[in-house]
Amino acid sequence: MLIVMHHEATPEDVEAVCARIRKLGFEPRPMPGEQRTAIGLVGNDGPVDPARFHGLPGVLRAIPVSAPYKQVSLEWQAAPTIIELANGTRIGGDAVVMMGGPCSVETERQLMTTAEYVAAAGATVLRGGAYKPRTSPYSFQGLGEDGLKLLAKARDVFGLAVITEALDEASAEKVAEYADIIQIGARNMQNFGLLKHVGRLGRPVMLKRGHANTVKEWLLAAEYIVHAGNPQVMLCERGIRGFDNVTRNVFDVSAIAVAKTMTHLPVIGDPSHGTGKRELIVPMARAAVAAGADGLIVETHPEPTEALSDGQQALYPQQFHDMVRQVGQVAQVLGRPLAGQ
Ligand code: PEP
Ligand code: MN
């Protein structure tokens, strides 16, 4: 439910509505706007009768929010959420944001080399995992805090923002110390304790879609983070499980377009995990942007054949460069510039 106030409503009128919401056992979320204040009602799991607010001083109308993923829905907020990073990158606005880097941070040389060509190609955000969710416990698990330190160094040298994954509450605290964006991976999309925790850390979060989750479940997972107090959430489509192993996953481009009709949160495409195959990344990157993605996150490595994880889905430096150029052309057709260009 959204209670929209008259533009001449007084702070006392707003407080009276908040008090009525609390009395009903729910939480008020006042949202002052340029013209008027709207007060969101959260905490209800079913419909609330709008008539309970009719006749209160200053109330213009009460609008039921039908989506269960309330606060991230377009009913709740029509304007897109824009997330602004320290290096000036704005995610969710007109510009399409390019994020690139290795699957895992491996060495200083590897990361600095990658950061340099990623920035030169026109990307503004550097990716790289320091805490890795590997299927096998015997696979490379990441450098941990040493990896975060390398990311911070690359950010300072090349003016990039940094995104990296948190696996649990302890690593989330560490990631929040060093990175601009906390990545919640596909395997943790419904780790509700972790979602609540990153909701309290005050850093932007990128929430990847789980391997076998519906778009609605994905949005409800985002709702956990927003409800815990962090509105700076972006979604990332990274492919879902299918029956055909011709690709690693089924890159669900339609989910990008669908999500844009359901939520005001930015939506990012990850064609690396989406396809698992280097030669499919560039066409799927173009497709994701054509479908309305607000940005891309793509794996790239100076020597993919030597990578400690996901080398087969990492672009060579020149391919990364070409991808940014092509995606820029697709974005241009849609009237969108690339961020930072
Ligand atoms: C990654 O970004 O390297 C990663 C592990 O992604 P996902 O959670 O989508 O598998
Ligand atoms: Mn990876």
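Conventions adopted
Throughout this document, residue positions are counted from 1 along each chain, in the order its sequence is written. Lettering for chains starts from A, numbering for ligands starts from 1, and both go in the order in which the items are written. The predicted nature of this model means local features are confined to residues of pLDDT at least 70 and side-chain atom pairs, given and counted, to a pLDDT of 80 or more, with totals for whole chains, interfaces and linings taken over all residues. Think of the side-chain values as coming from all heavy atoms in the structure, minus any hydrogens and water. Throughout the structure description, domain borders are defined by an automatic or database domain assignment. Each pair of strands is called paired provided DSSP finds at least two bridges between the two strands. Put simply, DSSP H or I for four residues or longer makes a helix, DSSP E for two residues or longer makes a strand, and each gets a number counted from the N terminus. Lines fitted to C-alpha atoms define the axes, with helix axes restricted to the stretch in contact, and inter-axis angles between N-to-C directions lie between 0 and 180 degrees. For the exposure calls, accessible area comes from a 1.4 Å probe over protein chains only, and a residue counts as buried if that area is under 20% of its type's maximum, exposed if over 50%, partly exposed in between. Whether two residues touch is decided by their heavy atoms; if any such pair falls within 4.5 Å, the residues are in contact.

A few words on the domain arrangement of the protein. Taken domain by domain, the protein holds domain 1 (2-63) and domain 2 (83-333). Placing the centre of domain 1 and that of domain 2 at their C-alpha centroids yields a distance of 37 Å.

On to the sheet that holds strand β2 (residues 27-32). Pairing is antiparallel across the open sheet formed by 4 strands, whose spatial order is β2-β3-β1-β4. The two strands at the open ends of the sheet, each matched to only one other strand, are β2 and β4 (59-63). On average, each strand axis in the sheet is tilted by 20° relative to the strand beside it, whichever way the strands run. Where strand β1 (residues 2-5) meets β4, 4 bridges bridge the pair, whose relative direction is antiparallel. Directly across from I3, in β4, lies its bridge partner A62.

What follows covers the pairing of β2. Bridging between β2 and strand β3 (residues 37-42) involves 6 bridges; their strand directions are antiparallel. Bridge pairing in β3 links E27 to V42. Between β2 and the antiparallel strand that follows it, β3, lie 4 residues.

Along the chain, K153 turns up in helix α3 (residues 145-158). Classification of K153 by relative accessible area gives partly exposed; the value is 38%. Setting aside residues up to four positions removed in sequence, K153 forms contacts with E108 and M112.

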